[in-house]
Amino acid sequence: MKAAQIVLSEDDRATLKGWASAGSTQQRLAFRARVILNLAEGLSNEETARRNDTRLATVSKWRGRFCKAGLPGLSDAPRSGKPASYDEATERRILAMLDEQPPRGYARWNGPLLAERLRDISKHHIWRVLRRHDISLERRRSWCISTDPQFAQKAADIVGLYLDPPDSAVVLSVDEKPHIQALERAQGWLKLPNGKALTGFNHEYKRHGTTTLFAALEVATGLIKAGHYQRRRRVEFLDFMNRVVAEPGRQIHVILDNLNTHKPKCDRWLARHKNVQFHFTPTHASWLNQIEVWFGILSQQALAHRSFTSPKQVRERIDAFVQAYNQKAHPFEWTKQVVYSKHPRTKYADLRN
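Residues numbered from 1 in each chain as written. Predicted model: local features only at pLDDT ≥ 70, side-chain atom pairs only at ≥ 80, totals over all residues. Heavy atoms only, no water.

Participant: Outline helix H8 (residues 151-163), listing residues and values.
Facilitator: With 13 residues, H8 extends 18 Å between its outermost C-alpha atoms, agreeing within 8% with the 18 Å of an ideal straight helix rising 1.5 Å per residue. Phe151, Ala155, Ile158, Leu161 and Tyr162 are the residues of H8 that are buried. Along H8, the residues classed as buried sweep out an arc of 125° about the axis, all on the same side. Every exposed residue of H8 that faces more than 90 degrees away from the buried side is listed here: Ala152, Gln153, Ala156 and Leu163. (Helix = DSSP H or I, 4+ residues; strand = E, 2+ residues; numbered from the N terminus. Expected span 1.5 Å × (residues − 1). Buried < 20%, exposed > 50% of the residue type's maximum accessible area, 1.4 Å probe, protein only. Arc of directions from axis to C-beta.)

Below you can see the structure in the form of structure tokens.
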């Protein structure tokens, strides 16, 4: 049987030459274009197969496809692919299993446990389904719901002080960090057999007592005032406040949490300090107090994984950090991250330094 003749129009020939020579063309499409161009020159199937280093059946296939469908015939035919192993019913079974109790002895589900219970679904597909629905079986979130009936009023009062403080007034964020431990642990570097060295600290430690830090953050400037005490009773709190408000004449607004140390028995002290006004955060809303953010900075940059042989060393380290911090202090950028919750008092604060 005589092979079908290949006759190209000028447009088809230009298109095929472009496919054959363009570096961005898929290799399989460029190969097919060269085959058709060779056949259009009058070469036989055998000669075209030798020139393109391919099988005779391959040349015959693309000759037939082009004669039947033209340029679209050189594209890949649609393929059904491998039949799906799992369907939507499988996904619903996986998600429904998460509502059931895990096996006895386990606190929560994981991929292998789900696969063992479902039997006919691989753990890899289970993980794909969980990722698709943004479900992490290991992740746990915590929240704190304020039970304060005056939450809105107190929160608005404090946020107002941050965003629009009274003219010529000082706004201070005050709290204490109790029981800071003086832990002595070996630190330095460890040489490995391959010649590399690791820096770090030993997990063994020795206790040398504790100290309590009182701190006040000036909201407008970011400056810190600190005081060290053995305990955190009302007497220590008032002593620290006497030092903080020693500068006379200026109106001072102090933001505090609801610890009983800070509460009403300080009325006599406030009566002697007419220029000072206390503002208490709502119950379970310590995130409204900016000094808590600075305590986190202190812990990470000055205290974490350090070695101390006495509370005195801890106090000296804190004082050195406060001195260095105050040299480049600046106010926090107060923002509030929006978190969707059905409870109106479930809030999260995002303070960025």
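So that's the structure; there's more coming.
Participant: Would you mind going over the packing of helix H2 (residues 27-40) against helix H4 (residues 56-69) in detail, with residue names and values included?
Facilitator: Between H2 and H4, the least distance of the axes is 10 Å, while the angle of their chain directions is 80°. In terms of their interaxial angle, H2 and H4 are classed as roughly perpendicular. Across the interface between the two elements, Phe31, Arg32, Val35, Ile36 and Leu39 from H2 touch Thr58, Val59, Trp62, Arg63 and Phe66 from H4. Class assignment of the residues belonging to the contact of H2 with H4 gives a composition of seven nonpolar, one polar and two charged. (Axes fitted to C-alpha atoms, helices over the stretch in contact; angles between N-to-C directions. Parallel < 35°, antiparallel > 145°, perpendicular 65-115°, else oblique. Contact = heavy atoms within 4.5 Å. Nonpolar A, V, L, I, M, F, W, Y, C, P; charged D, E, K, R; others polar.)

Participant: Could you give me a rundown of the packing of aromatic side chains, with the residues and numbers involved?
Facilitator: What the rule picks out here adds up to nine aromatic pairs. Ring centres of Trp294 and Phe295 lie 6.0 Å apart, and the angle between their planes is 55°; this geometry places the pair in the tilted category. Accessibility classification places Trp294 together with Phe295 in one group, the buried group. Of the aromatic side chains, those joined through ring pairs into one cluster are Phe237, Trp269, Phe278 and Phe280. (Phe/Tyr/Trp six-rings, centres within 6.5 Å; stacked < 30°, edge-to-face > 60°.)

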